[in-house]
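# Fold and geometry: a report
Below are the chains, spelled out letter by letter.
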Amino acid sequence: MLSFHDLQLPAEILRALDELGFQTATDIQAQTIPLIRSGRDVIGRSQTGTGKTLAFGIPAVECIDPAMEEKGSAQVLILCPTRELAVQAGGELRKLSRFLPGVRCAEVYGGAPMDRQIARLRTANLVVGTPGRVMDHMRRHTLRLNRLQMIVLDEADEMLSMGFREDIETILSSTPEERRTILFSATMPSDILALTEQYQREPELVEIASRQETVENIRQTYCEVPMGRKMDALVRLVEAEQGRLTLIFCNTKRMVDDITAFLTRRGIPAEGLHGDMKQSQRDKVMESFRRGQVPVLAATDVAARGIDVDDVEAVFNYDIPQDEEYYVHRIGRTGRAGRSGRAFTLVVGREIYKLKDIMRYCKTKIKRQPIPSVDDITEIKAEKILEKASSYIDHGNLPEMMDILEEHLDDKEYSALEMAAAFLMMELGEIQNPELRQDDFGDTGAE
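Throughout what follows, the structure given in this document is the object of discussion. All values reported here derive from a predicted model rather than from experimental measurement.

## Some thoughts on the pairing of strand S3 (residues 105–108)
Neither face of S3 is left uncovered, since the one carrying Cys105 and Glu107 and the one carrying Ala106 and Val108 both have all their residues buried. The sheet contact formed by S3 and strand S4 (residues 126–129) spans four bridges and is parallel. Counted as the bridge partner of glutamate 107 is valine 128 from S4. Read from S3 through helix H5 (residues 114–121) to S4, the crossover connection turns out right-handed.

In C-alpha cells, the structure reads:
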C-alpha cells in the first residue's frame, strides 16, 4: 500500500488529506496521480467507489497557478454527467484545497440560478460542471477556456450515453492544444476510444479492479418470477431486508416512479431518483436516503452515478441491465469500504439467458434463490420484533408495566404466552391477513 506522503505531494495537500483521514492511496490514485503530475494524458478505467475524485483532484488543485489569473478564465475544468456528481466533486475539491488559498472552485449545472454561477465564475480558476451548463456559460462569455491547463472528463461513458458528445467535442475544441486531457470511465465503448484518439496525446491507460475483484464481497442471487408478478416479488424481497438501506435499479424513469408508488402503497417507505426531477427534489431524496429516513431508493443507472453512500446493504436489479458492465457497476454500490453486500436480480422467462451472459462476462456464479414466502417474512419480522422486545427487557424499566399486565391477566384468565402472542400479531399487522397468506409464488423452475 502506498501512502500519500510517498507521492511527494505539496505540504498543503498532505495536510488536507491528513485532516480528511486519508493516509493510503487507492490503486487508481497511486497509479494515475504520478502520471498526471508528470504532464501525461491519462485514461483511467475503474468502477465507482475506487477513489477517482482524488485521483484527478490532487493534480488538479496542484496545477492552479495564481500568477496566471485572468478574470473569468478557468485553469482546470472538470466535466461530470450529473448535477449530483458535479456538487459532490466540487465539495471534495474544496476540502482538498482548503490550505491552498489560490484555488477557487465553482460548480455550474442546470437547475440552479444562473446569476449566482456567473458571480462565482468571475473569480473561479477551477470549474466543475455538466456539459450543457458549461456550454451555456461559454456562449454567454461568462466562462473562458483560453488559459485552461487541464480538462477532466469524469464518468465519460455516462456523458456520452446521455447525449453530451457534441457538447464535449465543442468544449474540447475550444481549449488550448497544450492542455492535459484526463478521462475516467467505468466502461470503454467505441465512442470513448474515438474521443481519446482525437483529443488526447499518447494517453497512458490505467485499468483498475478486475470484474472479479469488484464483486468478491457481494453475495449474488437471482429469483425467477412468474409473468406479471415482479412487483409482488420485489415487495417480498424488500420486506425480507427489514429496513436496511436498499437500492433498486430500473432501466426507465417511468419504472422508477411505478416502483416507488407501488412500494409506498404497500407500506414500504421508498423514494425515486431520475433525471426528470428538479434539483431540489433530488437533493431532498438523497439526504433522506443517506440518513436512513427512507431506506429504499429506486433509481435509473444515470441518476445513480451521483449516489455516494458506503453502507448500502442490498442492491436489486428490478430490470436486467442492457449492458453486462452495468451489472457490475450496479452491484458495486453495495459491499463497499470492506463491507459485505447482497445483490438480487429479478428474472422473468427468457431473461434467464441475459443473466447467463452476465455470469459469463463476470466469470462468477449467480445462485438461484426462492422468493420468500409469507411464512418466511412473518418469521423475519417476528424475529426483529422479539429482538427489540429483548432490548427493552435488558434495559427498560418494566415493573410498572408488569403490574398492569399481571392485573389484566388475572381479570381475563389469559396466560402470559397468549398475551405475548397477541402483541406479536398486532405488531406483525397485515401479513397475518388470510388472503395474503394464500398469495404465494411456489416454485418457478429448476436451477
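After presenting the structure, the write-up continues.
## Looking at the packing of aromatic side chains
One pair of aromatic rings is described through two measures. These are the centre distance and the angle between the planes. In this structure the tally under the stated criterion is two aromatic pairs. Here the aromatic rings of phenylalanine 316 and phenylalanine 344 are separated by 4.7 Å at their centres, their planes lie at 15°, and the arrangement is stacked. One end of the pair, phenylalanine 316, is in strand S12 (residues 314–317); the other, phenylalanine 344, is in strand S13 (residues 341–347), with 28 residues separating them in the sequence. In this structure phenylalanine 344 comes out as buried when scored by relative accessible area, which is 5%. Sitting above the plane of the phenylalanine 99 ring, arginine 15 keeps its charged end 3.8 Å from the centroid. The side chain of lysine 230 reaches across the aromatic face of tyrosine 318, ending 4.4 Å from its centre.

## Thoughts on the sheet that holds strand S1 (residues 42–45)
The parallel open sheet is built from seven strands, whose spatial order is S3-S4-S2-S5-S6-S1-S7. The open sheet is flanked by S3 and strand S7 (204–207), the only strands paired with a single partner. Pairs of neighbouring strands in the sheet enclose a mean axial angle of 15°, with direction left out of account. The pairing of strand S2 (residues 76–79) with strand S5 (residues 150–153) spans four bridges and is classified as parallel. Its bridge partner lying in S5, valine 76 is registered against methionine 150. Of the strands in this sheet, S2, S3 and S4 are in contact with helix H4 (residues 83–96), which crosses S3 at around 175°.

The rules behind each value
Residues numbered from 1 in each chain as written. Predicted model: local features only at pLDDT ≥ 70, side-chain atom pairs only at ≥ 80, totals over all residues. Heavy atoms only, no water. Buried < 20%, exposed > 50% of the residue type's maximum accessible area, 1.4 Å probe, protein only. Helix = DSSP H or I, 4+ residues; strand = E, 2+ residues; numbered from the N terminus. Pairing = 2+ DSSP bridges. Right-handed = clockwise from strand over helix to strand, strands pointing away. Phe/Tyr/Trp six-rings, centres within 6.5 Å; stacked < 30°, edge-to-face > 60°. Lys NZ or Arg CZ within 6 Å of the ring centre and 35° of its normal. Axes fitted to C-alpha atoms, helices over the stretch in contact; angles between N-to-C directions. Contact = heavy atoms within 4.5 Å.

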